[in-house]
There are 2 protein chains.
Amino acid sequence: MIHVTSPYLPSMKKYIKYVEGIYERKWLTNDGPLVKELTARLEAQLGVNNLLLVSSGTMALQIAFRVKNLRNKHVVTTPFTFQATYSALEWQGSHASFCDIDTDTWNMDPYVLEQQLQAGKQVDCVVPVHTFGNSCAVEAFNELQQRYKFDIIYDAAHALTTLDDKNKSILTYGDISCFSLHATKLFHTVEGGALVFKNDSELETARKMINFGLDGEFASEAGINGKLSEFHAAMGLSVLDDLDLILSQRKDQIATYKSLLHNSVNYQAVIVGHDICPSYMPILLPNEHSVLNIINKLAKLNIFPRRYFYPAINKSPYYQKICPNISMPVAENVSSRILCLPLFPGLNKQAISQISNIITHEVKSTLRG
Amino acid sequence: MIHVTSPYLPSMKKYIKYVEGIYERKWLTNDGPLVKELTARLEAQLGVNNLLLVSSGTMALQIAFRVKNLRNKHVVTTPFTFQATYSALEWQGSHASFCDIDTDTWNMDPYVLEQQLQAGKQVDCVVPVHTFGNSCAVEAFNELQQRYKFDIIYDAAHALTTLDDKNKSILTYGDISCFSLHATKLFHTVEGGALVFKNDSELETARKMINFGLDGEFASEAGINGKLSEFHAAMGLSVLDDLDLILSQRKDQIATYKSLLHNSVNYQAVIVGHDICPSYMPILLPNEHSVLNIINKLAKLNIFPRRYFYPAINKSPYYQKICPNISMPVAENVSSRILCLPLFPGLNKQAISQISNIITHEVKSTLRG
């Protein structure tokens, strides 16, 4: 059975060594030494400051939205993303709306956003997603931010190691970047997430917020529980030693897929000089029919790629209940034709070859048909 | 160094055995087999149905408030509680107000609530707390609910094993009960919490809600990430084997304290026939001066009891910023005189005796004036 992803498991001996330390210290959670160590190591490895570890990627978004006081504010996000981006805004009581994506990058289209702004739309905050780790048009969003004055919070769930053309972490763009450290991510803490803040004081507010708003003994913020535990931080520290290996394996697998698939499918367009975190292996097929055919054929071999992200958020059953008439033509088109192929450490060349053959064969017959 | 509490650590060998199973299955989180096993064992042990494990006690409250659609609704809670009760309501966008506590039980006073209701106050939901595990006047709240039609969500953070006079779990009262499984609790999953639902369909809604609202592949709710991981569930399973021992040790320690403190301090009044979960050892002192004197004297011995809950929520710096003029005389009085004494497995009789001596001596000299 081959799934779209499989969690990376580091040396168990190493993990247990960390557990022994936790037992010795009797410090199980609440900003413990392993959380501090992981924070420092991640900051150094990623080349960022002001990093805050939290209990999940969605928690990172929730904290960012609260730090920016987005309740009853007007927030624009992308319809081509995982549910959590939209529903974390909904939970925060924001007025969330969508800006369609670019046909080639599959990220929020800054020109469409500009049209919305020029038409007088109220926008207090923009939440673009570095989809599948592919960096957004960060310079265009910066420019719009200066002209129209809004906050930018990047959902960088998949973009842990993405670099711009000056080798600067993509996480340093925007006011806040949020990412996920869930078990299915290439680097993970079982469940976990993190934020990177431009602004020191927002980091300090968030630090209190994830610990019930406590400032010493007293609550100076309305906070909740967003803490990462020592047992989860221990997993992060164990995986971190292997990160370079994980990245190079995944990059090799992506290269193999691309050499075998030739130009039979479309890939995300990448900004020249940017280095994209190898989180996923998404392909765009000619039409939905070919997506479904490929899924069926692979299922017979016990191989399960994923229609990710399908449907576009505005077409999800939940969103249809509350707002049925929103059309996002590009996102709907891309989401109907997208397929994320298996990608994880240990996936062998034979499987990649088998998957690629089925896809190229299907695409050929679709194009002939 | 003796703190008010210390996390219970089960056999490391047992915990590691569970970790080995997680590695074998490669199933690290997302409603895994250990979460299912812990759910079933807790339901059996506590005598409840419809239990849902989540990532924290605060998450349990947040999920309960969302399931009951409390945004913009009028919710009454107690001012004598941990910050999380109030701030989870605030995060949910509810209009939260307070009902003062009973002088003897330190729980929300149903007579005060009745006065508020009789005066025409709009109340959509009531959130009482079984403070320090001490059961609320559940029958009185039931009766008010029938008369005035509102939801009841109990914050049962400390009340894991509390039983009524028919040996029925206190968690079965109200529409939903929420509790905490944080490392400092007598039974814990490092970080964690749970809900017990009266209503099957609300359990099913919540189950989707903690997994991004997903119903199969598609989102039918606006959900977030409230999942308990397998590594945290493994800790719960390891501690659960020792729960009876933990409970009896703590009950013995409380009995020792009470025999040594005689009647020099006040304790919580308990409903006749109810069996209270031994979560804390709270005492009420004659005045704040004696609280501070005792803290100072114990600090010199490296013993650190805790002013828990101090201040009353309406007097916290955060609440003072948004609503400075609310008075809750009973809660303010109790919170100024409360002290929670050290209570955890392994705390020895000598320490209990030392602490009790200092307290009785201080109270005597206070009363002599």
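Nothing here was measured: the structure is a model prediction, and the numbers come from that model. (Residues numbered from 1 in each chain as written. Chains lettered and ligands numbered in written order. Predicted model: local features only at pLDDT ≥ 70, side-chain atom pairs only at ≥ 80, totals over all residues. Heavy atoms only, no water.)

A. Region of the structure containing the domain arrangement of chain A. Residues and elements named next belong to chain A. For chain A, the assigned domains read domain 1 (2-240) and domain 2 (243-368). On a C-alpha basis, the centres of domain 1 and domain 2 stand 24 Å from each other. Every contact between the two is made by 45 residues of domain 1 and, on the other side, 53 residues of domain 2. Looking only at domain 1, the three residues that lose the most surface to domain 2 are Ile2, Val4 and Phe132, adding up to 19% of its buried area. Joining domain 1 to domain 2, the criterion identifies zero salt bridges. Summed over the shared surface of domain 1 and domain 2, the number is 18 residue pairs in polar contact (both at pLDDT 80 or more). Counting only elements with at least two residues in the side of domain 1 that touches domain 2, the list comes to strand E1 (2-3), helix H4 (83-91) and helix H8 (230-240). No other element matches the three residues that H4 contributes to the side of domain 1 that touches domain 2. (Domains from an automatic or database assignment. Contact = heavy atoms within 4.5 Å. Buried area = accessible area lost by both parts, 1.4 Å probe. Salt bridge = Lys/Arg side-chain N within 4 Å of Asp/Glu carboxyl O. Polar contact = N/O pair within 3.5 Å; in protein donor to acceptor, adjacent residues only side chain to side chain. Helix = DSSP H or I, 4+ residues; strand = E, 2+ residues; numbered from the N terminus.)

B. Seen up close, the pairing of strand E6 (residues 151-155) of chain B. All names here are of chain B. Within E6, four of the five residues are buried, which leaves the element mostly enclosed by the surrounding structure. Here strand E5 (residues 125-127) runs beside E6; their pairing, made up of two bridges, is parallel. Bridge pairing links Cys125 to Asp151 in E6. Running through helix H6 (residues 138-148), the crossover from E5 to the neighbouring parallel element E6 is right-handed. As judged from the three bridges shared by E6 and strand E7 (residues 176-180), these two strands associate in the parallel manner. Looking at E7, one finds that Tyr154 is bridged to Ser177. (Buried < 20%, exposed > 50% of the residue type's maximum accessible area, 1.4 Å probe, protein only. Pairing = 2+ DSSP bridges. Right-handed = clockwise from strand over helix to strand, strands pointing away.)

C. Region of the structure containing the UniProt feature "modified residue: N6-(pyridoxal phosphate)lysine" (unreviewed entry) in chain A. Residues and elements named next belong to chain A. The feature "modified residue: N6-(pyridoxal phosphate)lysine" (unreviewed entry), as given by UniProt, occupies Lys185 in the numbering adopted here. Considering the arrangement of structural elements, one finds Lys185 in the loop between strand E7 (176-180) and strand E8 (193-197). Taking the relative accessible area as the measure of exposure, Lys185 reaches 14% and is therefore buried. (UniProt positions renumbered as here; feature names shortened; annotations may be inferred.)

D. Representation of the interface of chain B and chain A within the structure. On the chain A side, the residues contacting the 57 residues of chain B number 57 residues. Together, the buried faces of chain B and chain A total about 5300 Å²; carbon and sulfur atoms form 67% of this surface. For the chain B face of the interface with chain A, the top three residues by lost area are B:Leu9, B:Tyr23 and B:Trp91, together amounting to 16%. At the surface where chain B touches chain A, the tally comes to six salt bridges. A salt bridge links A:Glu191 to B:Lys227; the nearest nitrogen and oxygen atoms lie 3.2 Å apart. At the boundary of chain B and chain A, one finds 29 residue pairs in polar contact (both at pLDDT 80 or more). Of all elements in the fold, only helix H1 (12-25), helix H3 (57-67), helix H4 (83-91), strand E10 (218-219), helix H8 (230-240) and helix H11 (317-322) of chain B reach the threshold of two or more residues within the side of chain B that touches chain A. Examining the composition of the side of chain B that touches chain A, we find that six residues originate from one element, H1(B), more than from any other.

E. Region of interest: the pattern of salt bridges. Overall, the coordinates contain 32 salt bridges over all chains when judged by the stated rule. Here B:Glu288 and B:Arg307 are joined by a salt bridge, their closest N and O atoms 2.8 Å apart. Separated by 19 residues along the polypeptide, B:Glu288 in helix H10 (residues 288-300) and B:Arg307 in the loop between strand E12 (303-304) and H11 bring together distant segments of the chain. Owing to a relative accessible area of 30%, B:Glu288 belongs among the partly exposed residues under this scheme. Via salt bridges that share partners, A:Lys14, A:Arg41 and A:Asp241 belong to a single interconnected network.

F. Highlighting the sheet that holds E7(A). Residue and element names in this part refer to chain A. Here we have seven strands laid out as an open sheet, ordered E2-E8-E7-E6-E5-E3-E4, and mixed in their pairing. The open sheet is flanked by strand E2 (51-54) and strand E4 (95-98), the only strands paired with a single partner. Recorded for the sheet is a direction-independent mean angle of 20° between the axes of neighbouring strands. Across four bridges, strand E3 (residues 74-77) lies against E4 in parallel orientation. Pairing of Val76 across the sheet is with Ser97, part of E4. Each of E2, strand E5 (125-127), strand E6 (151-155), E7 and E8 touches helix H3 (residues 57-67); the most contacted strand, E7, lies at about 160° to it. (Axes fitted to C-alpha atoms, helices over the stretch in contact; angles between N-to-C directions.)

G. Broad picture of the UniProt feature "active site" (unreviewed entry) in chain A. UniProt's feature table lists "active site" (unreviewed entry) at A:Lys185, given in the numbering used throughout. With residues near it in sequence (within four places) discarded, A:Lys185 still touches A:Ala157, A:His158, A:Ser180 and A:Tyr280.

H. Looking closely at the pairing of E3(A). Residue and element names in this part refer to chain A. Between the parallel elements E3 and E4, the chain passes through H4 in a crossover that is right-handed. By the bridge criterion, three bridges tie E3 to E5 in an arrangement that is parallel. Opposite Thr77, over in E5, you have Val127 as the bridge partner.

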